[in-house]
Amino acid sequence: MGVAPGVKILPVRAGILFGGIPTVPAVEAIGYAAARGADVINLSWGSMMPTTAIADAIADVLAANPNLIIVASSGNDGENRVGFPAGLRHVISVGASTLQGTRAPYSSFGPGLTLVAPGGNVQTGLENGILTTSGTGNDLFWQNISLPEQPWAPAQDPKSDYVWAQGTSFASPAVAGVVALMLSADPQRSLNRDRLIALLESSSSHTSLSLAPQEQDLYSVLRDQSATPPTEHELQYFFGSGLVDAEAAVRLVQSGA
């Protein structure tokens, strides 16, 4: 909502509190959203165990809906490979950058990463996190429960209505919002999925991004031990095509590129 406030949101609950995303509800959720004409589906599920059922469900809805775009978080394991389902073909894989333009230390990277968006890093201070709603600000939540004297989580108020958070789960919907803006600039849907993704990538940039020394060392080791470098250059390896740029992406669509 902070990126594209004019969108219509179809919230589909598939997860269990503290229990992850079970396979069957995940498959049903993807099909439910696609069947109701969603233009963009966001999956902040970057650390799931791969399953054939979910991979098949995503492949099926993409085949049946040529203009549908699926965005997924790369995962919070900090590994040099993106998580599932972000690594699937035709899925936009989103990693997390810090507000200072570095890779968030938890953000998974490497081959298959499409681009990055701000995901926060509360380890360096709450002000460096992403401010988001928690769901506990609703008065109904506190029926028969005494209000806490202090926030139960890093928050701005005792009820923790707004909390400071971090994760590729917050970077992914930001990119989904940018895709929605791009679609709004193409009301006739003249651009297909592949073209929109290509424009999203080409409009992103490494200009404001930088690597930590240990990341530069890691890339050098991988490059020297491989027959070919892991990517064309080190920034691409850790950030994909770069930091998402909403204005540049929309302008490319408007120009008919």
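Look a little higher up for the structure.
Residues numbered from 1 in each chain as written. Predicted model: local features only at pLDDT ≥ 70, side-chain atom pairs only at ≥ 80, totals over all residues. Heavy atoms only, no water.

*Asks:* I'd like a rundown of the overall build of the protein chain, residues and numbers included.
*Replies:* A tally of regular secondary structure across the protein chain gives seven helices and six strands. Listed N to C, the secondary structure of the protein chain is α-β-α-β-β-β-β-β-α-α-α-α-α in terms of helices and strands. The C-alpha radius of gyration of the protein chain comes to 19 Å, within 12% of the 18 Å expected for a compact globule of 257 residues. For the protein chain, the spread of C-alpha atoms along the principal axes amounts to about 60 × 45 × 40 Å. At a minimum sequence separation of 6, the contacts of the protein chain that also span at least 24 residues come to 66%. Summed over all atoms, the accessible surface of the protein chain reaches about 13400 Å², with 53% contributed by carbon and sulfur. Positive and negative side-chain charges of the protein chain, numbering 12 and 21 respectively, have mean locations separated by a distance of 8 Å. (Helix = DSSP H or I, 4+ residues; strand = E, 2+ residues; numbered from the N terminus. Rg over C-alpha atoms; globule rule 2.2 N^0.38 Å. Contact = heavy atoms within 4.5 Å. Areas by Shrake-Rupley, 256 points an atom, 1.4 Å probe, with all protein chains shown as cover. Lys, Arg positive; Asp, Glu negative; His and termini not counted. Charge placed at Lys NZ, Arg CZ, Asp CG, Glu CD.)

*Asks:* How would you explain the layout of surface pockets if you had to name every residue and give the values?
*Replies:* The computed volume of the second largest pocket comes to approximately 200 Å³. If you go around the second largest pocket, you meet 15 residues; those closest to its centre are Val91, Gly112, Leu113, Thr114 and Glu201. Residue assignment for the lining of the second largest pocket shows that the elements contributing at least two residues are β3 (91-97), α4 (193-203) and α6 (234-239). Residue composition of the lining of the second largest pocket, by class: six nonpolar, eight polar and one charged. (1 Å grid on protein atoms, 1.4 Å probe; cavity = no way out; pocket = protein on both sides within 12 Å on 5 of 7 lines; lining within 4 Å. Points joined across faces, edges and corners; volume = space filled by probe spheres on them. Nonpolar A, V, L, I, M, F, W, Y, C, P; charged D, E, K, R; others polar.)

*Asks:* Give me the lowdown on a nonpolar patch on the surface, citing residues and values where you can.
*Replies:* Taken together, the side chains of Met1, Val7 and Ile9 make up a nonpolar region of the molecular surface, amounting to roughly 300 Å² of accessible area. Relative to the helices and strands, Met1 is located in the segment before α1 (23-35). Taking relative accessible area as the criterion, Met1 reaches 59% and is therefore assigned exposed. (Patch = residues over 30% accessible without salt bridge, like charges linked within 9 Å, V, L, I, M, F, W, Y side chains within 5 Å. Salt bridge = Lys/Arg side-chain N within 4 Å of Asp/Glu carboxyl O. Buried < 20%, exposed > 50% of the residue type's maximum accessible area, 1.4 Å probe, protein only.)

*Asks:* Residues and numbers for the environment of Pro11, please.
*Replies:* Note on placement: Pro11 falls in the segment before α1. Sequence separation between Pro11 and Glu234 is 223 residues, and the spatial gap between their C-alpha atoms is 37 Å.

*Asks:* Could you give me a rundown of the side chain of Asn128, with the residues and numbers involved?
*Replies:* Mapping Asn128 onto the fold places it in the loop between β4 (115-118) and β5 (130-133). A distance of 2.9 Å separates polar atoms of two side chains, one belonging to Asn128 and the other to Gln100. A polar side-chain atom of Asn128 sits 3.0 Å from a polar atom in the side chain of Thr124. When residues no more than four places from it in sequence are discounted, the contact partners of Asn128 are Leu99, Gln100, Gly120 and Asn121. (Polar contact = N/O pair within 3.5 Å; in protein donor to acceptor, adjacent residues only side chain to side chain.)

*Asks:* For the side chain of Asp186, give the residues involved together with the corresponding values.
*Replies:* For Asp186, the position within the fold is in the loop between α3 (168-184) and α4. Although Asp186 lies buried, it forms no salt bridge, and the closest oppositely charged side chain, Arg189, sits 5.8 Å away as judged by the N-O distance. Polar side-chain contacts of Asp186 include one of 3.0 Å to the backbone nitrogen of Leu191.

*Asks:* Please give an account of the packing of aromatic side chains that cites residues and values.
*Replies:* Under the definition given, this model contains four aromatic pairs. Three or more aromatic residues joined by ring pairs form one cluster here, namely Phe109, Tyr219, Tyr237 and Phe238. We note Arg36 situated over the ring of Tyr32; from NZ or CZ to the ring centre the distance is 3.7 Å. (Phe/Tyr/Trp six-rings, centres within 6.5 Å; stacked < 30°, edge-to-face > 60°. Lys NZ or Arg CZ within 6 Å of the ring centre and 35° of its normal.)

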